[in-house]
Amino acid sequence: MLDYQCLLTDEQIIQFITKGYVVLHNELPDQLHDAVRDKINVVLHEEGNPGNNILPRVPEIQQFFETPVVKGALTSVLGPDYYMHPHRHCHYNQPGDPLPGGGQWHKDGYWSSMRSHRPWWAMIFYYMQDITEEMGPTAIMPGTAYYEKFVGDQGETLLPTGKAGTMVLVHFDLWHKASLNVSDMDRYMLKFQFVRLRAPESPSWNHQEKEMSFTGGTPYAHLNLWRDIWNWMRGEPGQGMPSATGDQAQVEQLAEELKSEDETVRARAADQAGLLGEKAASLAPELGQMLNDREPVALNVSYALGRMGSAGINELICRMSEGTTQIAQRAAYGLQGAGAGAVPGLLALLEHANEKRRALAVFVLGMIVPSSNEAVSALKACLQDPSDWVRRNAVEALGIMGREAGDVCQALANVLEQSLLQEEEREAAGPDDTDISQQSYILNKMGYTAALSLLRTAKATDVPIVIHSLEQALHSKDRYVRAYAFETLTHLRTPEATDVLIRYYRPARWCPDTTKASTF
């Protein structure tokens, strides 16, 4: 059991929510860091970058992630049963490379059909050597995790540095890039990804204070968005902040500020309107029109509407139904924050003619906790929707709901098996030009999502239901379907599951010492 002293503090969690990162340090022997770095150096130069196989190729790396510091930090952000995702990479930055890692600010490719502001995913950037700014550490831009578009000069560039064992725990969607290495030393960084398996039921960090305190240091303030995440991580989604005191004069003042030519003023006014809650409901129609504003403003608008009761919810539902795809997606985040009051409108959207609107409604229903029986039944019905987008979102939503979704393992196992049968057809058909997910790294998207949802939901008593599909998934053409099936069987750990794993282990065993220079 982790000592609570190893968990993050309120201040660190607030920094993670608002700025998207926390810098930590592993107190490990220099000899271990040196040995791993030297081994990686040999691998990179003699064999090439092993990509996802960096861990089995250099298994000593696992020791970096078994320390109380790392376990405490990941538990604090993702809950006690977080999972190390099978994608990982060693980033090698050589002196003089003019475009390290491509040289562009970016977000990593995501694993769901839609990015979630709430931390279901996180990454660690780990340095095995003393790292200085001259050596080209991975640059991060604090406070940008919730932006789809890069904010450019409005953001601050931060270059984390420190002794060997320095690591940066980041929100999965934080904008980052490799920086120039102007030293005379090679720079190595390990990027590992982690995923949350359960929605939080209580704080998983060293939690002392109920209310958040904000310190600035971000391109824009997003008080309602940040509070939504804070309360969700505390196991109290939808609680929000107590409505601020205000009168009609203040509402009228905010209405004027919403018309300002200065987007910072508009963003602040939208945030303040959200803090007033239903007292500012008269602003809902005007705010609805601003969902097409610049992204930082629109985010505040969406979360503000989510706090304005039925007037705000109705506006968001209308915009999700009738607005552009971008507006509909922005509205989805506000409806997520609105909680149970948004469920009736979302259920109605499941009948929308446009598959993207139905898929967004499914996404939001999966994020609203506690879920209602009606919502669960509707999501199960969506497994038969003609749209791949809708079905995939329904599969993920049922997994995210976990125990609240009830008995879903049979349905998820059926989806997984069907996706495996279709792999041959997809391979013969070639690339799918109609796939707009831009997730070419996931070959079997439906199977990938079903396997992850089984990892989140399956229990030992479900083994007779899921064992066949999981065993078949170990031979999927998609590396991540195989990985999730493997991990699910490991979690279940019944005699039947163990037998399947042993039979899989024997031919799949990989020796990190066997290379082209040493074949036996």
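Predicted, not measured: the structure shown is a model, and the values here were computed from it.

### Quick word on the packing of aromatic side chains
Here the distance between the centres and the angle between the planes together describe a pair of aromatic rings.
For step 1, the next point in the chain: Within this structure, the stated rule accounts for 20 aromatic pairs.
For step 2, the next point in the chain: Between tryptophan 105 and phenylalanine 150 the ring centres are 5.5 Å apart and the planes differ by 25°, which places this aromatic pair in the stacked class. Highlighted residues: tryptophan 105 in the loop between strand 2 (83-93) and strand 3 (121-127) and phenylalanine 150 in the loop between strand 4 (138-140) and strand 5 (166-171), separated in sequence by 45 residues.
For step 3, the next point in the chain: Ring geometry for tryptophan 111 and tyrosine 448: centres 5.9 Å apart, planes at 20°, overall stacked. Of this pair, tryptophan 111 sits in the loop between strand 2 and strand 3 while tyrosine 448 sits in helix 18 (residues 445-457), and the two are 337 residues apart along the sequence. For the pair formed by tryptophan 111 and tyrosine 448, the shared burial category is buried.
For step 4, the next point in the chain: One aromatic cluster is present, formed by Phe64, Phe65, Tyr82, Tyr126, Phe192 and Phe194 through successive ring pairs.

### Describing the pairing of strand 7 (residues 187-195)
Looking down a regular strand, the side chains alternate between one sheet face and the other.
For step 1, the next point in the chain: In terms of burial, strand 7 is largely enclosed, as 9 of its 9 residues are buried.
For step 2, the next point in the chain: Side-chain alternation along strand 7 places Arg187, Met189, Lys191, Gln193 and Val195 on one buried face and Tyr188, Leu190, Phe192 and Phe194 on a second face that is also buried.
For step 3, the next point in the chain: In this sheet, strand 7 lies alongside strand 2 in antiparallel orientation, the contact comprising 8 bridges. When the bridges of strand 7 are listed, tyrosine 92 appears paired with tyrosine 188.

### What about the nonpolar core?
For step 1, the next point in the chain: Among the nonpolar cores identified, the biggest contains 169 residues, and Ile40, Ile61, Leu169, Leu190, Leu287, Met320 and Leu346 are the most heavily contacted of them.
For step 2, the next point in the chain: Ignoring sequence-local partners within four residues, the contact set of methionine 320 consists of Ala328, Ala331, Ala332, Leu335, Leu346, Leu349, Arg357, Leu360, Ala361 and Val364.

### Some points on the pattern of salt bridges
For step 1, the next point in the chain: The tally for this structure, following the rule as stated, stands at 21 salt bridges.
For step 2, the next point in the chain: Here arginine 294 makes a salt bridge to glutamate 263, at a shortest N to O gap of 2.6 Å. Separated by 31 residues along the polypeptide, arginine 294 in the loop between helix 8 (284-289) and helix 9 (295-305) and glutamate 263 in helix 7 (residues 263-276) bring together distant segments of the chain.
For step 3, the next point in the chain: A relative accessible area of 43% means that arginine 294 is categorised as partly exposed.
For step 4, the next point in the chain: Using a relative accessible area of 15% as the deciding quantity, one classes glutamate 263 as buried.

### Observations concerning the packing of helix 19 (residues 463-473) against helix 21 (residues 495-508)
A pair of packed helices is characterised by two quantities: the angle between their axes and the separation of those axes.
For step 1, the next point in the chain: Put simply, helix 19 and helix 21 touch, their axes get as near as 10 Å, and they point 10° apart. What the angle tells us is that helix 19 and helix 21 run roughly parallel. For the pair helix 19 and helix 21, contact is made by Val463, Ile467 and Glu471 and by Glu496, Ala497, Val500 and Arg503, respectively.
For step 2, the next point in the chain: Its residues placed into classes, the contact of helix 19 with helix 21 shows 4 nonpolar, no polar and 3 charged.

### A few points about helix 4 (residues 68-78)
For step 1, the next point in the chain: The buried count for helix 4 comes to 8 of 11 residues, which makes it a mostly enclosed element.
For step 2, the next point in the chain: Of the residues making up helix 4, those classed as buried are Val70, Gly72, Ala73, Leu74, Thr75, Ser76, Val77 and Leu78.
For step 3, the next point in the chain: As for helix 4, its buried residues are in contact with helix 1 (10-19), strand 1 (21-25), strand 3, strand 5, strand 7 and helix 5 (223-233).

### Description of the side chain of glutamate 263
For step 1, the next point in the chain: Among the polar contacts listed, one links the side chain of glutamate 263 to the side chain of arginine 294, at a separation of 2.6 Å.
For step 2, the next point in the chain: When sequence neighbours within four positions are dropped, the list of residues in contact with glutamate 263 reads Gln154, Tyr220, Arg294 and Val297.

### Considerations on the sheet that holds strand 7
For step 1, the next point in the chain: The antiparallel open sheet is built from 5 strands, whose spatial order is 1-5-3-7-2. The open sheet is flanked by strand 1 and strand 2, the only strands paired with a single partner. Neighbour to neighbour, the strand axes of the sheet diverge by 20° on average, direction disregarded.
For step 2, the next point in the chain: Note that strand 1 and strand 5 share 5 bridges and pair antiparallel. Residue pairing in the sheet places leucine 24 in a bridge with methionine 167 of strand 5.
For step 3, the next point in the chain: Contacting strand 2 and strand 3, helix 20 (residues 479-492) crosses the sheet at an angle of about 130° to strand 2.

### Regarding unusual backbone geometry
For step 1, the next point in the chain: Of the consecutive residues valine 369 and proline 370, the connecting peptide bond is found in the cis state with omega at -5°.
For step 2, the next point in the chain: Within the element layout of this structure, proline 370 appears in the loop between helix 13 (355-367) and helix 14 (373-381).

### Quick notes on the state of the cysteines
For step 1, the next point in the chain: Tallying each qualifying case throughout the model produces 0 disulfides.
For step 2, the next point in the chain: The thiol of cysteine 90 is not disulfide-bonded; the next cysteine sulfur, from cysteine 511, is found 20 Å away.
For step 3, the next point in the chain: Assessed through its relative accessible area of 1%, cysteine 90 is described here as buried.
For step 4, the next point in the chain: The thiol sulfur of cysteine 409 is not disulfide-bonded, and the nearest other cysteine sulfur, from cysteine 382, lies at 19 Å.
For step 5, the next point in the chain: Among the residues examined, cysteine 409 registers a relative accessible area of 3% and is labelled buried.

### Considerations on the side chain of arginine 234
For step 1, the next point in the chain: Tracing the backbone through its elements, the reader meets arginine 234 in the loop between helix 5 and helix 6 (248-257).
For step 2, the next point in the chain: At 3.1 Å, the side chain of arginine 234 forms a polar contact with the side chain of histidine 207.
For step 3, the next point in the chain: Look past the residues within four positions of arginine 234 in its chain and what remains in contact with it is Glu201, Ser202, Pro203, Trp205, His207 and Lys210.

Each value, and the rule that gives it
- Each chain has its residues counted from 1, following the order in which its sequence is written.
- Local features are withheld for residues below a pLDDT of 70 in this predicted model, meaning they are given only at 70 or higher, and side-chain atom pairs are given and counted only at 80 or more; totals for whole chains, interfaces and linings count all residues.
- With hydrogens and water stripped out, all remaining heavy atoms of the structure feed into the side-chain values.
- Two rings from Phe, Tyr or Trp (for Trp, the six-membered ring) form a pair when their centres are within 6.5 Å of each other. A pair whose planes differ by under 30 degrees is stacked, one over 60 is edge-to-face, and the rest are tilted.
- Each helix is a run of H or I in the DSSP string that is no shorter than four residues. Each strand is a run of E no shorter than two, and both are numbered from the N terminus.
- Think of it in three bands: residues with accessible area under 20% of the maximum for their type are buried, residues over 50% are exposed, and the middle band is partly exposed, with areas taken using a 1.4 Å probe on protein chains only.
- Should DSSP find at least two bridges between two strands, the strands are regarded as paired.
- Put simply, a nonpolar core is a bunch of buried Ala, Val, Leu, Ile, Met, Phe, Trp, Tyr and Cys residues held in one set by side-chain atoms that sit within 4.5 Å of each other.
- Any two residues whose heavy atoms approach within 4.5 Å are treated as being in contact.
- Whenever a carboxyl oxygen of Asp or Glu lies within 4 Å of a side-chain nitrogen of Lys or Arg, that contact is scored as a salt bridge.
- Orientation is described by lines fitted to C-alpha atoms, with helices fitted over the stretch in contact, and by angles between N-to-C directions that extend from 0 to 180 degrees.
- By definition in this entry, angles of less than 35 degrees are roughly parallel, angles greater than 145 are roughly antiparallel, angles of 65 to 115 are roughly perpendicular, and the rest are oblique.
- Only Asp, Glu, Lys and Arg are considered charged in this grouping, and only Ala, Val, Leu, Ile, Met, Phe, Trp, Tyr, Cys and Pro are considered nonpolar; every other residue, Gly among them, is considered polar.
- Definition of a polar contact: a pair of N or O atoms within 3.5 Å, with one able to donate and the other able to accept a hydrogen when the atoms are protein atoms, and with sequence-neighbouring residues admitted only if both atoms are side-chain atoms.
- Disulfides are defined in this document as cysteine sulfur pairs within 2.5 Å.

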